[in-house]
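Given next are the chains, with one letter for each unit.
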Amino acid sequence: MNLCYILSYLLTAALLSNTPIKACQTEFNCSLNGVCQDNKCICYSGWRGADCGVLNLGPTKDNTINSGVIYPPANAYTSSWGGGVVHHEGQYHLYVSEMFGHCGLATWRTNSFIRHAVSDTVDGIYTPKEVVLGSWAHNAMPWVTPDGNISIWHIGNGTQMLPMKTGCSNGTTPLSKASTTTKDLGAPPPIAHIPYSANPNGPWKMMDLTCKVSPGTLGPCPVDNPTPVSFANRTLIAHRAKGGFGLLIADHWSGPYENILPGQNLTSTNILVPDDEYSCEDGFLFPSQNGSGVHLLCHCNGVNGYPWDDHGRHAYSLDGIQWFWSKERTFPPALIHPDGSNTTHISRQRPQLFFGEDGAPTHLISGIAVASTNRPYPWQAACQELDAVSKPCDLTCTSMQPILS
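Caption draft 1: Quick look at the sheet that holds strand β28 (residues 361-369). The four strands lie next to each other as β5-β29-β28-β27, forming an open sheet whose pairing is antiparallel. Each edge of the sheet is formed by a strand with only one pairing partner; in this case those strands are β5 (69-71) and β27 (348-355). Averaged over all neighbouring strand pairs, the angle between strand axes comes to 35 degrees, with direction disregarded. In this structure, β27 lies alongside β28, joined through six bridges in antiparallel fashion. Each bridged residue has a counterpart across the sheet, and for glutamine 352 the counterpart in β28 is isoleucine 365.

Caption draft 2: Spotlight on the confidence of the model for the protein chain. Summing up the model confidence of the protein chain, the mean pLDDT is 89 and the portion of residues at 70 or higher is 89%. Every residue in residues 1-20 scores below 50 in pLDDT, and together they form 31 contacts with partners more than four places removed in sequence or on other chains.

Caption draft 3: Broad picture of the sheet that holds strand β8 (residues 112-119). Within the open sheet, the four strands sit side by side as β6-β7-β8-β9. Their pairing is antiparallel. Unpaired on one side and paired on the other, β6 (80-88) and β9 (127-133) mark the two borders of the sheet. Mean inter-strand twist for the sheet, computed between neighbouring axes without regard to direction, equals 30 degrees. Bridging between strand β7 (residues 91-99) and β8 involves eight bridges; their strand directions are antiparallel. Paired with histidine 93 across the two strands is valine 118, which belongs to β8.

Caption draft 4: How the structure looks around the pairing of strand β10 (residues 137-144). Burial of β10 is extensive: seven of the eight residues sit out of reach of the surface. As judged from the six bridges shared by β10 and strand β11 (residues 150-156), these two strands associate in the antiparallel manner. When the bridges of β11 are listed, alanine 137 appears paired with glycine 156. Connecting the antiparallel pair β10 and β11 is a turn made up of five residues, with glycine 148 showing a positive phi of about 90 degrees.

Caption draft 5: Region of the structure containing the side chain of serine 347. Looking at the secondary structure, you find serine 347 in the loop between β26 (342-344) and β27. Serine 347 gets classed as buried once you look at its relative accessible area, which sits at 0%. A distance of 2.6 Å separates a polar atom in the side chain of serine 347 from a polar atom in the side chain of aspartate 310.

Caption draft 6: Geometry of the packing of aromatic side chains. On inspection of all chains with the given rule, the structure shows 13 aromatic pairs. Centre to centre, the rings of tryptophan 47 and phenylalanine 286 are 6.2 Å apart; their planes meet at 10 degrees, and the pair counts as stacked. Of the two residues, tryptophan 47 is situated in strand β3 (residues 47-48) and phenylalanine 286 in strand β21 (residues 279-287); the sequence distance between them amounts to 239 residues. Residues tryptophan 47 and phenylalanine 286 agree in their burial class; the two are buried. Aromatic side chains phenylalanine 284 and phenylalanine 355 sit 6.5 Å apart centroid to centroid with 15 degrees between the ring planes, which places their arrangement in the stacked category.

Reading the values: rules and limits
Residues numbered from 1 in each chain as written. Predicted model: local features only at pLDDT ≥ 70, side-chain atom pairs only at ≥ 80, totals over all residues. Heavy atoms only, no water. Pairing = 2+ DSSP bridges. Helix = DSSP H or I, 4+ residues; strand = E, 2+ residues; numbered from the N terminus. Axes fitted to C-alpha atoms, helices over the stretch in contact; angles between N-to-C directions. pLDDT = per-residue confidence, 0-100. Contact = heavy atoms within 4.5 Å. Buried < 20%, exposed > 50% of the residue type's maximum accessible area, 1.4 Å probe, protein only. Polar contact = N/O pair within 3.5 Å; in protein donor to acceptor, adjacent residues only side chain to side chain. Phe/Tyr/Trp six-rings, centres within 6.5 Å; stacked < 30°, edge-to-face > 60°.

Structure below.
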């Protein structure tokens, strides 16, 4: 490890750590990601920070501006926006959100679909395979169910509800083709079905996903950006809710789901956004390494407007009901490189983790806007506004960054 990288690592840590942390008393003060010894947190593998709330991120493979990209391959000329990886019989399977028609992220509400891609290494460039769920579907999140099936959680229902955008090229969207804003398109439809298969290559079946929409009545789940986890021999899902995240629970992963708190409705907010954040979304639930409690990783924005202040945050709970936020930012918008340099992307969202056999996180997967604030491409001069869905600067990809033990 060279001096440049060490200096960059320390600088990143300083940027992430701007909140004083009190000495710990129990492992709960260590975000359930470590143990408390002599009033100091000793973090589990993959975590660091005074309260073990920061991912111990390492450098990308090389120093190039596109280092860390795992999808799409260079010859695909399209955009993708995050996904998750499942390891099965020596091969790695990525389930990723991709845009039809070589379009960019500005078309995510019309052109997004869920693709399966494969690689022989966890951090290699993934080769596209079949379409798991056609447009419209977004926010691909694979999860191995308690009964051993690979389920693909998402928003949308695989039905083309709005006209698909055309006339795109190279993963970007011409301004004239993307004038409709996402606010004009309304809320995503309720989630009625989840693709699942015992084999990562399919064939894919559809499992009805149900919620208790009223006493004695079951129906599709009116949730946005769901993320599942096994918890206390049941299935817990977090979803985007007003001012934070909602929590639903069921005895089987297909439902029927109800709010984790009796008397609360399906869209109630159970986890409030931290006071020092403007907004948080794109949750990813995962279990504790020591088997005690449950965690939520998400991306947050500290400001209202552009340039965005994308970064990661981490929340944790012992019982799934009372939640606490780690004090420090979990990951920055920048990818660090072996020579100590970094590429700061204008947006980094949709975080998911890949875990080793011991349950420790080994890689952070996220959707990133290719445009950079510190290493700008020449084509960025044409941007009208520097954000992840600005036309024609809406080229996005899916990246992976190693997590150090």
